[in-house]
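# Observations on chain architecture
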Amino acid sequence: MHNKFFSFLFFLLFSFSLCAQSDSLFVEIDTTEVITAINEIKNNKVLISIFDKLANLQKSKVGKLNVVHIGDSHIQADLFSGLMRKNLQQQFGNAGRGLVFPHSLVKTNGTADVRFSSNQTWESQRNIYPNTGNPVGLSGIALFTKSNDFALEMTVKNQEYVFNKLKIITPQNIKMFEVALTSKTIKIESEIPKNILHKIKNGESLSVISEKYDVSIAQIKKENGLKNNNIRAGKTLKIPSKEKAKKVVERSEFIPLETRLEEGFHSFETDTLLHKIYLIPALNQSDYALNGLVLENNNPGIIYHTIGVNGAKCSDFTKFPLFFEQLAVLQPDLVIISLGTNESFDKMITSEFIVQLNLMMELIFAKNPTTVFLITTPPPSQFKRKFPNTFVADYTKEILAQADLKNYAVWDMFSNFGGLFGVNQLVKEGIIGADKVHYTKVGYERQGQLLTEAFLSSFENYKLEINK
């Protein structure tokens, strides 16, 4: 009886979804029906190669496994992905923080555990805008400048992610940056003419003042930008003097350290664990662009990289070839893709969304032929805080339907968070924000926790099978 009701509900849900997409009308539904889903990874046989590596990590404590999590605003803040990173590294080892990017220099939100600052203002472009030739690459955001006197400081705030290997990713792997660990302040002293300030008194004229200080009227007028000899009591004049005053100029000086050219990146290594580095201009360069930094250590375990761009769709990543060229630097074993929300708010039909998702996976696989994919379906949301988002409902149905054919695993976040009619309940629980699109910190961490549990459950089932 329950299965028949569930089948009827899904038929009703997706029939409504198709109707809503065809006429692009919002239809308000008064219902409190919430889907109850089993928290599991669908088509998890795709992940066997990942589970093999994880089992070896647990047994031998040797090696690293790279996870790359790609998404939109649900990922950029690194709350959902950050909890997944923490959980997996606690289980299998912490091999490094992974990819980081100076979101603060782009004046947008980013991760809280790494801080960036600079003495210069940088130019930027996100991948959601047309390709105009700016170096939008691995991070989905271009950061660039022509200034050759910048210093970019990176500080790791979470001591769990101190590092001793740094990868610097730039367009065409051009050496644009030097690495420095410390700076010292240089003071340069010089002498400049000393100005005297004179407050004009009643009855004083320029001739009287010039005679007092033994300077010409012309000199006083030039120093103060006067066009005539008229002056007023109470005003202040700068009087040029033959005396000299000391001027001290301070500047920071960095000592560059050796970096090494490797395939796709420049690296810096040290025996000491670091929490801070500076990037400064490389010599003989006129353009500087940073696509990302990768922080690693010498420990075996998981490196969990995140790439999130507010407002991004699959097609925003696919229009920048540099993204796919540089992704290979991360040597991804597992790529998790969490996209679809922004497509749904563009009312993109399901068939077109699936085309774009498949194209994105194909372009990643072309450069990384050993990687495997885990797709998370888009979470539930509402249009105008009122109308159920039927587009993500239909995206979910099609993602699940094509998983075996396209050889990817799926975590059904849509159903795990109540499905089409679950948003109002999420509001009551403080899981989704007032816009009924973006989730709260609690909500994103719930996503990370549920995905972790589903992933580890599949891994434990895998171990039971191989030990039979």
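A quick note: this is a predicted structure, and the numbers were derived from the prediction, not measured.

## Some points on helix α10 (residues 350-367)
End to end, α10 covers 27 Å across 18 residues, agreeing with the expected 26 Å (1.5 Å per residue, within 8%). Every buried residue of α10 is accounted for by T350, F353, I354, Q356, L357, N358, M360, M361 and I364.

## Considering the packing of helix α2 (residues 48-60) against helix α14 (residues 441-466)
In contact at an axis separation of 10 Å, α2 and α14 are set at 80° when each is read in the N-to-C sense. For the element pair α2 / α14, the angle class is roughly perpendicular. When α2 is examined against α14, the residues I48, I50, F51, D52, L54, A55 and Q58 are found in contact with a partner set consisting of F455, S458, F459, Y462 and K463.

## Examining the confidence of the model for the protein
Chain-level pLDDT for the protein is 90 on average; 90% of the residues reach the 70-or-more range. Segment residues 1-25 is flagged for pLDDT under 50; beyond a separation of four residues in sequence, or across chains, it makes 30 contacts in the model. Contacts for the low-pLDDT stretch residues 27-32, under 50 throughout, to residues beyond four places or in other chains number nine contacts.

## A few points about the sheet that holds strand β15 (residues 276-281)
Read across the open sheet, the four strands follow the order β5-β8-β15-β10; overall the sheet is antiparallel. If you trace the sheet from one side to the other, it starts and ends with β5 (114-118) and β10 (177-180), each paired once. Neighbour-to-neighbour, the strand axes of the sheet open up by a mean angle of 20°, direction not taken into account. With four bridges connecting them, β10 and β15 associate as antiparallel partners. By the bridge assignment, A180 is partnered in β15 with Y278.

## A closer look at the nonpolar core
Counting 75 residues, the largest nonpolar core has M154 and I337 as its most contacted members. Leaving out residues up to four positions away in the same chain, I337 has contacts with I70, L357, M360, M361, I364, F373, L374, I375 and T376. If you look at the next biggest cluster of nonpolar residues, it comprises 37 residues, including L54, M413, A454 and F455.

## Notes on the pattern of salt bridges
Summed over the entire model, instances satisfying the criterion amount to 17 salt bridges. Between E153 and K276 there is a salt bridge; the shortest N-O distance is 4.0 Å. Linking E153 in strand β8 (residues 152-156) with K276 in strand β15, this pair joins segments that are 123 residues apart in sequence. Linking K319 and D316 is a salt bridge whose minimum nitrogen-to-oxygen distance equals 2.7 Å. If you follow the salt bridges from partner to partner, you end up with D78, R85, R97 and D113 in one network.

## Structural notes on the packing of aromatic side chains
Considering all chains together, one arrives at 18 aromatic pairs under this definition. Centre to centre, the rings of F92 and F459 are 5.4 Å apart; their planes meet at 80°, and the pair counts as edge-to-face. With a gap of 367 residues between them, F92 in helix α4 (residues 80-92) and F459 in helix α14 connect regions that are remote in the sequence. The buried category is assigned to F92, whose relative accessible area is 7%. A residue is classified by how much of its surface remains accessible, and F459, at 0% relative accessible area, is buried. Every member of this aromatic cluster is reached through a ring pair, and the members are F51, F92, F455, F459 and Y462.

## Notes on the environment of L47
Take L47: it is sitting in the loop between β1 (41-42) and α2. Distance from L47 to E189, taken between C-alpha atoms, is 65 Å for residues 142 residues apart in sequence. Ignoring sequence-local partners within four residues, the contact set of L47 consists of I41, L334, V372, A409 and F455.

## Structural notes on the side chain of D72
Tracing the backbone shows D72 in the loop between β2 (64-71) and α3 (73-76). As a buried residue without a salt bridge, D72 has its nearest oppositely charged side chain in K313, at a separation of 9.8 Å. A polar contact of 3.5 Å, which involves the side chain of D72, links it to the side chain of N342. Apart from the residues within four sequence positions on either side, D72 is in contact with G308, V309, N310, A312, S338, L339, G340, T341 and N342.

## Section: the sheet that holds strand β13 (residues 260-262)
Read across the open sheet, the five strands follow the order β4-β17-β9-β14-β13; overall the sheet is antiparallel. Only two strands of the sheet have a single partner each, and these edge strands are β4 (98-100) and β13. Neighbour to neighbour, the strand axes of the sheet diverge by 30° on average, direction disregarded. For strand β9 (residues 163-169) and strand β14 (residues 265-274), the ladder comprises five bridges, and the chain directions are antiparallel.

## Digging into the pairing of β14
Strand direction decides the pairing type here: β13 and β14, joined by three bridges, are antiparallel. Within β14, the residue paired with R260 across the bridge is S267. Remark: two residues form the turn of the hairpin made by β13 and β14, two consecutive strands paired antiparallel; G264 in that turn has positive phi of roughly 95°.

Criteria and cut-off values
- Residues numbered from 1 in each chain as written.
- Predicted model: local features only at pLDDT ≥ 70, side-chain atom pairs only at ≥ 80, totals over all residues.
- Heavy atoms only, no water.
- Helix = DSSP H or I, 4+ residues; strand = E, 2+ residues; numbered from the N terminus.
- Expected span 1.5 Å × (residues − 1).
- Buried < 20%, exposed > 50% of the residue type's maximum accessible area, 1.4 Å probe, protein only.
- Axes fitted to C-alpha atoms, helices over the stretch in contact; angles between N-to-C directions.
- Parallel < 35°, antiparallel > 145°, perpendicular 65-115°, else oblique.
- Contact = heavy atoms within 4.5 Å.
- pLDDT = per-residue confidence, 0-100.
- Pairing = 2+ DSSP bridges.
- Core = buried A, V, L, I, M, F, W, Y, C linked by side-chain atoms within 4.5 Å.
- Salt bridge = Lys/Arg side-chain N within 4 Å of Asp/Glu carboxyl O.
- Phe/Tyr/Trp six-rings, centres within 6.5 Å; stacked < 30°, edge-to-face > 60°.
- Lys, Arg positive; Asp, Glu negative; His and termini not counted.
- Polar contact = N/O pair within 3.5 Å; in protein donor to acceptor, adjacent residues only side chain to side chain.

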